[in-house]
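Listed below, chain by chain, are the residues.
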Amino acid sequence: MKPYKPPAIPSSEITPQALFQARRKFMQTAGGAALAAVWPQTLWAMDNLGGLGKSKYSVTDELTPRRDVTEYNNFYEFGTSKDQPAINAGSLQTRPWTITVEGEVKKSKVFDIDELLKMAALEERVYRLRCVEAWSMVVPWLGYSLAELLKRVEPTGNAKFVEFVSLHDPAQMPGQKSAVLDWPYREGLRMDEAMHPLTLLIFGLYGEVLPKQNGAPVRIVMPWKYGFKSAKSIVKIRLVEQQPLTSWMKAGPGEYGFYANVNPEVDHPRWSQAKERRIGEFLKRKTLMFNGYADEVAALYAGMDLQRNF
């Protein structure tokens, strides 16, 4: 596998000036002051987003408006329509919160959310997000590479895959009273995918704490994969030897594969993936191979039949 090569993007173009001003305004609100206890003090002491560092992994696409990012969601734990997560997610209690990391590791551990927030330097990363339903967004996430967490539990040589398990609590997540999926929600990655620097462990977006409808208090995103791979409200991470059965694979094995790489040449059985609708735009645009991240991730799948391994 050839060495990872980050995209050649001028640092001056990565974080839009509007985001600096948005976070400054947020910090001046009562809500921002109340949330200061949630984030590490070093983060909240920063004057603006620039203190987080400009990530070399960001893209320069126009950002999707915050309102769309937070009100147009797939999060079936709170309902199957796009507006229901924002309406129903208020019942989710994100404190206290822990994530158990176990399985093929030398140091199994339960991490508190505050411990995770302080584990590594947070970055703002502007990523494209492509849904399997053929719509897309551009989101400024806050987090750090998942590898920072995984290396602390020291994976064994038997760790070939990583499974993510989301919270299962129908009292907090009313959508789980429906049998639309076999709860809890489960997702998985191959170990090299999980350790790739683009795989992001996320705690916020748009300069603020991650909204509940977007997967609070912690989720993952792999920008070259369809959005359903991005497990939300994670409570357990298991390193395993065998490929895990994910929720959507179980629900529709002929429609949702384990890899779910964005690929305009492999259609969903019920619609084309050649084009997508960027939220906020009228016309469709061509879908990019690996969502535009081919230079960074194509080597992970060298020699694989991407038609079969969809």
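All values reported here derive from a predicted model rather than from experimental measurement.

Conventions we followed
Residues numbered from 1 in each chain as written. Predicted model: local features only at pLDDT ≥ 70, side-chain atom pairs only at ≥ 80, totals over all residues. Heavy atoms only, no water. Helix = DSSP H or I, 4+ residues; strand = E, 2+ residues; numbered from the N terminus. Buried < 20%, exposed > 50% of the residue type's maximum accessible area, 1.4 Å probe, protein only. Areas by Shrake-Rupley, 256 points an atom, 1.4 Å probe, with all protein chains shown as cover. Contact = heavy atoms within 4.5 Å. Pairing = 2+ DSSP bridges. Axes fitted to C-alpha atoms, helices over the stretch in contact; angles between N-to-C directions. Patch = residues over 30% accessible without salt bridge, like charges linked within 9 Å, V, L, I, M, F, W, Y side chains within 5 Å. Salt bridge = Lys/Arg side-chain N within 4 Å of Asp/Glu carboxyl O. Lys, Arg positive; Asp, Glu negative; His and termini not counted. Charge placed at Lys NZ, Arg CZ, Asp CG, Glu CD. Phe/Tyr/Trp six-rings, centres within 6.5 Å; stacked < 30°, edge-to-face > 60°. Lys NZ or Arg CZ within 6 Å of the ring centre and 35° of its normal.

(A) Highlighting the overall build of the chain. Of regular secondary structure, the chain possesses ten helices and twelve strands. Counting over 310 residues, the chain shows a buried share of 53%. For the chain, the computed accessible surface area is about 13,700 Å², with 52% contributed by carbon and sulfur atoms.

(B) Looking closely at the side chain of Ser-166. Structurally, Ser-166 can be placed in strand E5 (residues 161-166). When near neighbours in sequence (up to four residues on either side) are disregarded, Ser-166 contacts Glu-77, Pro-184, Tyr-185, Ala-231, Lys-232, Ser-233, Ile-234 and Val-235.

(C) Spatial organisation of the environment of Pro-244. Mapping Pro-244 onto the fold places it in the loop between strand E10 (234-240) and helix H9 (247-251). When the C-alpha positions of Pro-244 and Phe-258 are compared, they lie 8.7 Å apart, and in sequence the two are 14 residues distant.

(D) Focus on the sheet that holds strand E1 (residues 98-103). The five strands are arranged E2-E1-E10-E5-E6 in an open sheet whose pairing can be described as mixed. Among the strands making up the open sheet, the edge pair consists of strand E2 (109-112) and strand E6 (186-190). Ignoring which end each strand starts from, the neighbouring axes of this sheet average 20° apart. Where E5 meets E6, five bridges bridge the pair, whose relative direction is antiparallel. Across the sheet, the residue bridging to Val-162 is Leu-189, located in E6.

(E) Representation of a positive patch on the surface within the structure. A cluster of basic residues, Lys-275, Arg-277, Lys-284 and Lys-286, forms a positive patch at the surface. By the secondary structure assignment, Lys-284 is in the loop between strand E11 (275-278) and strand E12 (285-286). A residue is classified by how much of its surface remains accessible, and Lys-284, at 60% relative accessible area, is exposed.

(F) Structural detail: the packing of aromatic side chains. Taken as a whole and assessed by the stated rule, the structure comprises eleven aromatic pairs. Summarising the aromatic geometry, the rings of Tyr-144 and Phe-203 are spaced 5.5 Å apart at their centres and angled 45° between planes, so their arrangement reads as tilted. Taken together, the positions of Tyr-144 in strand E4 (residues 135-145) and Phe-203 in strand E7 (residues 200-205) put the pair 59 residues apart, joining distant regions of the chain. Centre to centre, the rings of Trp-248 and Tyr-256 are 4.9 Å apart; their planes meet at 55°, and the pair counts as tilted. Its relative accessible area of 16% is what places Trp-248 among the buried residues. One aromatic cluster is present, built from ring pairs that chain together Phe-161, Phe-258, Tyr-259, Phe-290 and Tyr-301. Over the ring of Phe-258 we find Lys-229, and its NZ or CZ is 4.3 Å from the ring centre.

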